[in-house]
Amino acid sequence: MDEENLKKIFGLMFEKLESISIGNNFIEEINRRRKVTFDKNKPDSFFYEKLVGTIHVSGYKVSILRNRWDDIKEAFSNYDICEVSQYTNKDLEKMMNNPKLIRNKRKLRACIENAKIMSEISKRYGSFGEYLNRNKNDLKKLKEDLINRFLYLGNVLVLEYLKEVGIDAIKPDVHVVRVMHRLGLIDSERLTTENVNKVVEMANKISQATGEKLSVIDGVFWIYGGSGDNHVQKAMCSKSKPLCNECPLTEYCIFYLKRNRE
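Reading the values: rules and limits
Residues numbered from 1 in each chain as written. Predicted model: local features only at pLDDT ≥ 70, side-chain atom pairs only at ≥ 80, totals over all residues. Heavy atoms only, no water. Helix = DSSP H or I, 4+ residues; strand = E, 2+ residues; numbered from the N terminus. Rg over C-alpha atoms; globule rule 2.2 N^0.38 Å. Buried < 20%, exposed > 50% of the residue type's maximum accessible area, 1.4 Å probe, protein only. Contact = heavy atoms within 4.5 Å. Areas by Shrake-Rupley, 256 points an atom, 1.4 Å probe, with all protein chains shown as cover. Lys, Arg positive; Asp, Glu negative; His and termini not counted. Charge placed at Lys NZ, Arg CZ, Asp CG, Glu CD. Salt bridge = Lys/Arg side-chain N within 4 Å of Asp/Glu carboxyl O. Phe/Tyr/Trp six-rings, centres within 6.5 Å; stacked < 30°, edge-to-face > 60°. Lys NZ or Arg CZ within 6 Å of the ring centre and 35° of its normal. Arc of directions from axis to C-beta. Axes fitted to C-alpha atoms, helices over the stretch in contact; angles between N-to-C directions. Parallel < 35°, antiparallel > 145°, perpendicular 65-115°, else oblique. Nonpolar A, V, L, I, M, F, W, Y, C, P; charged D, E, K, R; others polar.

Peer 1: Just checking my understanding: could you explain the overall build of the protein for this structure?
Peer 2: Along the backbone of the protein there are 15 helices and 0 strands. A compact globule built from 262 residues would reach a C-alpha radius of gyration of about 18 Å, and the protein, at 20 Å, matches this within 12%. Reported as C-alpha extents along the three principal axes, the dimensions of the protein are approximately 60 × 40 × 35 Å. Out of the 262 residues belonging to the protein, those deemed buried represent 48%. Intrachain contacts of the protein at a sequence separation of at least 6 include 62% that bridge at least 24 residues. Accessible surface, the protein: about 13600 Å² in total, of which carbon and sulfur atoms supply 44%. Side-chain charges in the protein split into 45 positive and 37 negative, and the spacing between the mean points of these groups amounts to 4 Å.

Peer 1: It is not clear to me how the pattern of salt bridges should be interpreted in this structure. Could you clarify?
Peer 2: Note that side chains of opposite charge can pair when their charged atoms are close. Tallied over the entire structure, the rule returns 16 salt bridges. A single salt-bridge network, built from bridges that share partners, covers Glu 29, Arg 32, Arg 33, Glu 160, Lys 163 and Asp 218.

Peer 1: Just checking my understanding: could you explain the packing of aromatic side chains for this structure?
Peer 2: Between two aromatic rings, the relevant description is the distance of the centres plus the angle of the planes. A full pass over the atoms with the stated rule returns 10 aromatic pairs. One aromatic cluster in this structure is built from Phe 38, Phe 46, Phe 47, Tyr 125, Phe 128, Tyr 131 and Phe 150. Between the NZ or CZ atom of Lys 42 and the centre of the ring of Phe 46, over which it lies, the distance is 4.2 Å.

Peer 1: I would appreciate a short explanation of helix H10 (residues 139-149) in the present structure.
Peer 2: Given 3.6 residues to a turn, an α-helix orients residues that are three or four positions apart in the same direction. Every buried residue of H10 is accounted for by Leu 142, Lys 143 and Leu 146. For H10, the angular spread of buried residues about the axis comes to 100 degrees, placing them on one side. Residues Lys 141 and Asn 148 are exposed on H10 and point more than 90 degrees away from its buried face.

Peer 1: Hey, could you run me through the side chain of Asp 44 in this one?
Peer 2: Within the secondary structure layout, Asp 44 lies in helix H3 (residues 44-57). Buried Asp 44, no salt bridge; nearest opposite-charge side chain is Lys 123, N-O distance 9.6 Å. For Asp 44, the contacting residues outside a window of four places in its chain are Ile 81, Met 118, Ser 122, Ser 127, Phe 128 and Gly 129.

Peer 1: Would you mind showing me how to read the packing of helix H13 (residues 193-210) against helix H14 (residues 214-226) here?
Peer 2: Between two packed helices, what matters for the description is the angle formed by their axes and the separation of those axes. Two elements in contact, H13 and H14, have axes separated by 9 Å at closest approach and are oriented at 105 degrees. Taken together, H13 and H14 sit at an angle that is classed as roughly perpendicular. On the side of H13, the interface is formed by Ala 203, Asn 204, Ile 206, Ser 207 and Thr 210, while H14 contributes Leu 214, Ile 217 and Phe 221. A breakdown of the residues in the contact of H13 with H14 according to their chemical character gives 5 nonpolar, 3 polar and no charged.

The analysis is restricted to geometry; functional conclusions fall outside its scope.
In structure tokens:
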């Protein structure tokens, strides 16, 4: 698809989401994403907090965790990687018995082990922020390196983590992938490594066409497909009940055209 049509699609999505925003929630989220920058000088605790948060949110709605973050922070020693690196199985079991936490043993164990890994990287590079800074210009290589080093980070989650620490990225979650596929921008909704890379490539093309950051494009596609976290009144392109009659993108939508033929 050419640059002009990509720009038009993005503009139509943006305008539609503005029109169904809950108060100013949508544009405030977009402006927040526009302002996010990467700062390599932030403490290791910042990067670890974002890693723990990314792992915890995976598979859950953000709203489920909204009132648990203080307890999670306390459980992980205020995200001090030196302290968490010393945790034993006894500490893990203590977490599993804490009803204030998300008691997913695989996630909790991964977070503890990742503190040890991050601590080792920090010692080698001077800080974890410096490690990211040296590698952030090759996003594909950095993504693969993080997946190989850290537990629980897969093709999709690793991009969410990079986005959370301020590195401009798009997370190809199910909503983003669904909308891109229905619009014919990618060939499949499968979350394979190949398809994840195609999502990133397409997002880069949209970024070039619109001048928007990848994280903003991520937000627009995510909210369009899943309504975000109380950002808009409804999801325009949900999996089972897409609002095709209200959608301004039907001329581009393969899903809509196929359904009408049937």
